[in-house]
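Structural characterization, general
Listed below are the residues making up each chain.
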Amino acid sequence: MGVGIRVENLNAWYGKTQALHEINLDVQANHATALIGPSGCGKSTFIRCLNRMHETTPEARVEGKVKIGEHDAYDGTSATKLRRRIGMVFQKPNPFPTMSIYENVAAGLKLNGYRDKRHLDGVVEKSLMSSALWEEVKDSIHKKSGASLSGGQQQRLCIARALAVEPEVLLMDEPCSALDPISTGKIEELIFELKAQYTIVIVTHNMQQAARVAEYTGFFLLGRLIEYDKTEKIFTNPSDKRTEDYITGRFG
Amino acid sequence: MGNLRGPVPDTAPVAARLEICLWRRAADRMTTAFAILSVVLVLAPLGAIFGYLVYRGIGSVNWAFLTQTPKPPGESGGGMANAIAGSVLILAIGSLMGVPLGIGAGIYLAEFGGNRFGDMVRFVSDVLNGVPSIVIGIVAYALVVLRQKHFSALAGGVALAIMMVPTITRTTEEMLLLVPNSLREAAYALGVPRWRTTLSISLRFTAFGNQYWNWRLDQPTAALPLQIFTYAISPYDDWHRQAWAGALVLIILIVSAVAAVRFVVRRGTLGGVA
Ligand SMILES: Nc1ncnc2c1ncn2[C@@H]1O[C@H](COP(=O)(O)OP(=O)(O)OP(=O)(O)O)[C@@H](O)[C@H]1O
Ligand SMILES: [Mg+2]
């Protein structure tokens, strides 16, 4: 089951440059939330703060509060534990190239010490089904490497890999930007289904996509969250002039 | 050379364009010729050495040479089997000590070495790389030979290990730096700790694999270079012939070792499961 996310007074820096200013936002459990905004406005930085990937960048720093469900993400407990509860899918598909499809999906569990083969088999199959890849690859999960799939298949493999550790939240940073329209359609359908089980935060440059998959949408500009509301409201009747300018294509 | 072939401006008068064309073609030819000449100059000594070794040595390389130990001077026959095995043994000891150390240092530099201390380690390793091997030999002599009171494969191995470490360190570092960061991020995002990511993702991507073997290490051990040297400066014709044969075997061993390493590494990085 997905959990909600509460963000309070979040600030983030790269060295001395501040990339995020005072972000406050509540993500609803088991819904999809889209983040839009012009390039460089801090969308990626924001979602990387949610699973504490931001701090893997040298000299990067975060202040403020992030609650994943009941759990305070920055309360000093380990970042690796937190990341197991939050899956992440990146803009460019990044399967492990020297591993088979099976090993890719099982990687999260195996690298964290799970060895039970029967359990792993089950998880791999279930995850590949959830990511709508199973039918296409079921005969070659041991024979083919992750890198030998098409771009769209690789991205669905990465989604399966993220799902295999049974996270509560799924973060997606422009997951379709390297894909063709058909693969994009598949992933959008997938997001629709995954909402039942996961809380989804998706960064996208495609406003139709945001409108199609997300109930809530946040608009970022220059490191600030300008407006955050029901998707319908953002796209039909935004309260802020800057949001309106952006969605009508007047800048960005 | 690329831009020498670029389009000639259409606006130039015909004669001038022709001249530019000819000049470009000449420059292109000259550069190519120079590059080919350089390659020949670099390869010629290697080819000459190898050819001469084959010419002088091939006659004495036979089964006995590879499987028998030396006969006393005057008696004909015998071989360098012990020296061949000794070379392999010393190499094995050196690798056993040098490879893990070098890989460990390389991992440190690539994953955690972005600081002053890392720079210092890099500097020291480069200096060590430049130390003449005879100096390293003296160090091994002081460390091992003097203490054991005799020469040994162990001493040779220690010297070899010291020589290997800097090369392996920097090679490992460079291989790890080639691992795309997106793979590390993928592992971090799955909640895989950093040390585990380095070992199971980064190192696996570079496809390290090594196997060692072990024999008795504490006795004086023949090695091909030394045996060749001893035989070459001896007054016996038979030994001279064997020295040539030994040199040929040595160079074949080296070439096949390099080829084998390349093969393993290439298969590991590109093949995988594909
Ligand atoms: N590793 C980094 N080091 C320094 N500054 C960075 C780094 N990554 C991002 N930034 C800066 O932080 C700001 C926000 O970047 P971010 O990647 O979050 O934008 P984005 O909204 O995801 O853009 P895009 O839509 O192009 O992906 C930008 O000004 C960017 O230059
Ligand atoms: Mg981004």
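Quick caveat, the model's predicted, so the values are computed rather than measured. Along each chain, numbering runs from 1 in the same order as the chain's sequence is written. By the order in which they are written, chains take letters starting at A while ligands take numbers starting at 1. Thresholds applied to this predicted model are a pLDDT of at least 70 for local features of residues and 80 or more for the giving and counting of side-chain atom pairs; totals over whole chains, interfaces and linings are not thresholded and use all residues. Excluding hydrogens and water, the side-chain values take into account all heavy atoms of the structure.

Considerations on the interface of chain A and chain B
When checking whether two residues touch, look at their non-hydrogen atoms; a contact exists if any pair is within 4.5 Å. Each side of the interface is counted separately: chain A has 29 residues, and chain B has 20 residues. When two parts are brought into contact, each loses some accessible area as probed by a 1.4 Å sphere; the total of that loss over both is the buried area. Taking both partners together, chain A and chain B bury about 2,000 Å²; carbon and sulfur atoms supply 65% of that area. Considering only the side of chain A, the residues that lose the most area to chain B are F96(A), T98(A) and L111(A), jointly responsible for 32% of the buried surface there. Any Lys or Arg side-chain nitrogen located within 4 Å of an Asp or Glu carboxyl oxygen qualifies as a salt bridge. Seen at the junction of chain A and chain B, the total is 1 salt bridge. Note that E185(B) and R48(A) form a salt bridge whose closest N and O atoms lie 2.7 Å from each other. Any pair of N or O atoms that falls within 3.5 Å is considered a polar contact. Within protein, one atom must be able to donate a hydrogen and the other to accept it, and sequence-neighbouring residues count only if both atoms are side-chain atoms. Summed over the shared surface of chain A and chain B, the result is 3 residue pairs in polar contact (both at pLDDT 80 or more). For the side of chain A that touches chain B, the secondary structure elements donating two or more residues are helix 2 (79–85), strand 6 (86–89), helix 3 (101–111) and helix 6 (151–164) of chain A. Secondary structure elements follow DSSP: runs of H or I of four or more residues count as helices, runs of E of two or more count as strands, with numbering from the N terminus.

Section: the site of ligand 1
Residues and elements named next belong to chain A. Throughout, the term near means that a residue has one or more heavy atoms lying within 4 Å of the molecule or strand in question. Lining the immediate surroundings of ligand 1 are Y14, A19, S39, G40, C41, G42, K43, S44, T45, T57, E174 and H205. Take S39: an N or O atom from its side chain is 2.5 Å from an oxygen atom of ligand 1. Between ligand 1 and C41 there is a distance of 3.3 Å, counted from an oxygen atom to a backbone nitrogen or oxygen. Working definition of accessibility: Shrake-Rupley area with a 1.4 Å probe, residue cover restricted to the visible protein chains. Considering ligand 1 on its own, with 630 Å² of exposed area, one finds that the protein chains cover 59% of that surface. By residue class, the composition of the shell around ligand 1 is 3 nonpolar, 7 polar and 2 charged. Charged means Asp, Glu, Lys or Arg here, nonpolar means Ala, Val, Leu, Ile, Met, Phe, Trp, Tyr, Cys or Pro, and polar covers whatever is left, Gly included.

Digging into the sheet that holds strand 5 (residues 71–72) of chain A
In a beta sheet, neighbouring strands are held together by backbone hydrogen bonds and run either parallel or antiparallel to one another. Residue and element names in this part refer to chain A. If DSSP finds at least two bridges between two strands, the strands pair. Reading across the sheet, the 4 strands line up as 2-1-4-5 and stay open at both edges, with antiparallel pairing between neighbours. Because the sheet does not close on itself, it has two edges, and the strands there are strand 2 (17–27) and strand 5. For helices, the fitted axis covers only the stretch in contact; all axes are lines through C-alpha atoms, and the angles between them, taken along N-to-C directions, range from 0 to 180 degrees. Lying over the sheet, helix 1 (residues 43–50) contacts strand 1 (5–14), strand 2 and strand 4 (60–68), oriented at roughly 120° with respect to strand 1.

As for the nonpolar core
Only buried residues count toward a nonpolar core. Its members are Ala, Val, Leu, Ile, Met, Phe, Trp, Tyr and Cys residues joined through side-chain atoms within 4.5 Å. Burial status follows relative accessibility: with a 1.4 Å probe on protein chains alone, a residue under 20% of its type maximum counts as buried, one over 50% as exposed, and anything between as partly exposed. Grouped together as the largest cluster of nonpolar side chains are 31 residues, with contacts concentrated most on I5(A), F46(A) and I68(A). Within the residue set of this core, elements represented by two or more residues are strand 1, strand 2, helix 1, strand 4, strand 6, strand 7 (169–173) and strand 8 (199–203) of chain A together with helix 7 (181–189) of chain B. Not counting residues within four places of it along the chain, the set of residues in contact with F46(A) comprises V7(A), L10(A), L20(A), I23(A), L25(A), L35(A) and F220(A). In terms of nonpolar packing, the next biggest core, distinct from the first, is built from 27 residues, A162(A), L179(A), L194(A) and M207(A) among them.

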